[in-house]
Amino acid sequence: MVAPVRTRARARAGSAGGTAADLSELVHGLPALVWTAGSDGRVDFQNRHWAEYTGLPADADLGAGWEATIHPADRPSLLGRLNAAIEAGTACDTQARVRRFDGAFRWFQFRASPRVDRSGKIVKWFGIATDIDDIKRSGDAAAQSEQDLIDRIPASITIANANGENIYTSSWGVTRPSAPPSVLRGLGFVSQLHSDEQDWVNAEWLRSVRTGETMELEHRLKRADGTYRWLHVRVAPYRDDSGAIVRWYGLLSDVDDQRKVEEALRRSEQGFRLLVEMIPALVARWTPDGQLDYVNQRLLDYVNTPPIEAGVSASTDSFRRHRLRIASVHPEDWDTWLRKRLRSLETGEPLESTHRLRRADGTYRWIHERVDPMRDESGKITGWYAVGIDIHDSRVMEDALRAARHRLDVATQTAAIAELSASIAHEVNQPLTSVITNATMGLEMLDATPPDVKGARETARRTLRDGTRAAEVLLRLRALFTKKKDSCTELVDLNDAAREVVALSRGELQRTGAIVQTLFSYDLSPVRGDRVQFQQVILNLVRNAAQAMEGVHDRPRRLTIATERQDDNFVSLSVQDAGTGVAPESFEKIFEAFYTTKNSGMGIGLSVSRSIIEKHGGRLWAEANQGPGTTFLIALPAGPSAPGAG
Ligand code: ADP
């Protein structure tokens, strides 16, 4: 409806000298509120559109009546501006809502300008009001949606004036400050900061405002729920063409969660670092190709040398070339250490090494080092982790102990020889004394007048007997300590053989504190076999028994050697101790060759003993006692009717 009118109007207006009727039609048809007023501002003309828009009769609101159609909220400002313009005689441009015929208010742009005569006096006012409602609403909506967007982003925008006073802070996406925006205006935001950072942030902000430099920092701000959250803040100046700061624009983003994660990470990292620094060990890490990339403080303090000549590869050739003695490995240990290290790097296998390292004070100390590779999921080595422990003191002590033990062994042997010599002297002395006595007596008898030839013959016979006894003792002793190739078979009295063993080992038994008891059977048949071998077996059982009781302190170290006639066919000999005993599962194992639980044991005593006894057609076994300790038993065929040993 409107458009054809306008087209027509323009066409006519374009032609020279449009009629008054044409012009009137144009004015009335304009899609705008058109009016004229007298010099006093009183409306004297309104176009038809007024009536059509407001729904009021055409002339009803002439004069001041039109004012009733203006929105009450906008009326004062519109009238004020119009009156001011009339008074000042200047044009006026403003906006106000006008009530439509259906009661709805729509925004209009009001423009009015005066017409003056030649003398400059206002004679008329011309006014027009155009409907801008749609534009204004879409503008407002856009502004609103912009605001919504700003409110929704997890950050806040803040604007300050050139003096640094906050003039605007957008709503907070995630961090709503507890104070209303009014409090945040000016420098009021400072009160919402965490007390730890208030002074600092305030000072930084004032400094930025003074110097015009961008401020960038992190601080905590109080939230509506009273908790503080960390914000990252960056406020930059905005300058006009002359370079003067007109505004400060700031972006505040919530970094609280991020900081917490970082903090936790830092703390766990610190914890691990502390652990590595505090453990009483020398710790180092190597890159996959063997370059040192970390040493703990303890290692640095230990060697007191710079960790490494930077960038020198610890692998292969350059390693050799530089002879890089990591913290000064002892020259004597260097080659072995290097060989091991290179092999590890080649094969990826852990390295274990005991070598000397020069300490800060210049002394070399023994270190036990272990280096393990760390691999990723695909098995690729990502680094080498080395731990070294100073074992110097214990190593030195061990060496001293070993030396002491060696000296003790020598002393024990010497003592054993001394004991043995004493035993031999004792054994031989007796017959020798009687030999001397008898020989002296014989001589006296022969020197007598008349000579006592019969007596002398008797003494000579006794001398012979004792001499033979002495020779026999020596022979047996020799036999006991020299390995005879061929064993001899004879009838042996086990009681005698055992008695001799006890006599020979008296010193050793005394030293171990064993209380020896013998329970010899008087009607024991002799056994056939090698006496010395039987004695070796008995000696071995007695020694084992004594040793088994060395650690016993809560009961007497009783060692009982007994012989017994089992029946007509067998005799037995038992060696019972009150020692630590044999584990139930080990009763057979102990007879195996080289089975030993002793540090210096050979583990062949019992196995040789058993083979000797079995060779003589007998048996050797062990039984647990009722109480503590073990009993070893030998059963041998009784002679002389019994079969001889092979
Ligand atoms: P060795 O004495 O050199 O160890 P043996 O063959 O004599 O060798 O003994 C083997 C092992 O049997 C001993 O190491 C010890 O563990 C155990 N054994 C031998 N006799 C006794 C005993 N009387 N009491 C406890 N254990 C014993």
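For the structure, see preceding data.
Reading guide: rules and limits
Residues numbered from 1 in each chain as written. Predicted model: local features only at pLDDT ≥ 70, side-chain atom pairs only at ≥ 80, totals over all residues. Heavy atoms only, no water. Buried < 20%, exposed > 50% of the residue type's maximum accessible area, 1.4 Å probe, protein only. Helix = DSSP H or I, 4+ residues; strand = E, 2+ residues; numbered from the N terminus. Contact = heavy atoms within 4.5 Å. Pairing = 2+ DSSP bridges. Axes fitted to C-alpha atoms, helices over the stretch in contact; angles between N-to-C directions. Salt bridge = Lys/Arg side-chain N within 4 Å of Asp/Glu carboxyl O.

**Student:** How should helix α17 (residues 605-615) be read in this particular structure?
**Tutor:** Because the α-helix completes a turn every 3.6 residues, residues three or four places apart line up on one side. Taken together, the buried positions of α17 are occupied by Leu606, Ser607, Ser609, Arg610, Ile612 and Ile613. Contacts made by the buried residues of α17 are with α16 (531-548), β21 (619-624) and β22 (630-637). Count one or two residues on from α17 and you reach Gly617, which has phi positive near 75 degrees.

**Student:** I tried to follow the sheet that holds strand β8 (residues 215-222) on my own but got confused; where do I start?
**Tutor:** Each strand in a sheet pairs with its neighbour through backbone hydrogen bonds, running either in the same direction (parallel) or in the opposite one (antiparallel). Read across the open sheet, the five strands follow the order β7-β6-β10-β9-β8; overall the sheet is antiparallel. Each edge of the open sheet is held by one strand with a lone partner, namely β7 (166-169) and β8. Going from strand to strand, the sheet's axes swing by 25 degrees on average, the running direction of each strand aside. Taken strand by strand, helix α7 (residues 195-211) contacts β6 (155-161), β8, β9 (228-239) and β10 (245-254), and its axis lies near 145 degrees from that of β8. On the sheet, helix α8 (residues 256-278) packs against β8, β9 and β10 and is oriented at approximately 120 degrees with respect to β9.

**Student:** Looking at this model, I keep getting lost on the pattern of salt bridges. Mind explaining?
**Tutor:** Counting across every chain of the model gives 34 salt bridges. When the shortest N-O distance is used, the salt bridge between Glu204 and Arg207 registers 3.3 Å. A residue pair is termed a helical-turn pair when its members lie 3 or 4 positions apart in one helix, as Glu204 and Arg207 do in helix α7 at three residues. For Arg207, a relative accessible area of 32% corresponds to the partly exposed category. The network of salt bridges with common partners includes Arg229, Asp254, Asp256, Asp257 and Lys260.

**Student:** Where do I start with the sheet that holds strand β17 (residues 515-519) in this structure?
**Tutor:** Within the open sheet, the five strands sit side by side as β17-β19-β20-β22-β21. Their pairing is mixed. In this open sheet, the two edge strands, each paired with only one partner strand, are β17 and β21. Taken pair by pair, the neighbouring strands of this sheet meet at an average axis angle of 15 degrees, ignoring direction. Alignment of strand β19 (residues 558-565) against strand β20 (residues 570-577), held across seven bridges, turns out to be antiparallel. Looking across to β20, one finds that Thr560 is bridged to Gln576. Along the sheet, helix α14 (residues 494-504) makes contact with β17, β19, β20 and β22, crossing β19 at roughly 165 degrees. Relative to β21, α17 is tilted by about 130 degrees, and along the sheet it contacts β21 and β22.

**Student:** Help me understand the side chain of His392 in this model?
**Tutor:** Structurally, the position occupied by His392 is in helix α12 (residues 392-447). Given a relative accessible area of 16%, His392 falls into the buried group. In this structure His392 touches Tyr364, Arg365 and Trp366, once residues within four positions along its chain are discounted.

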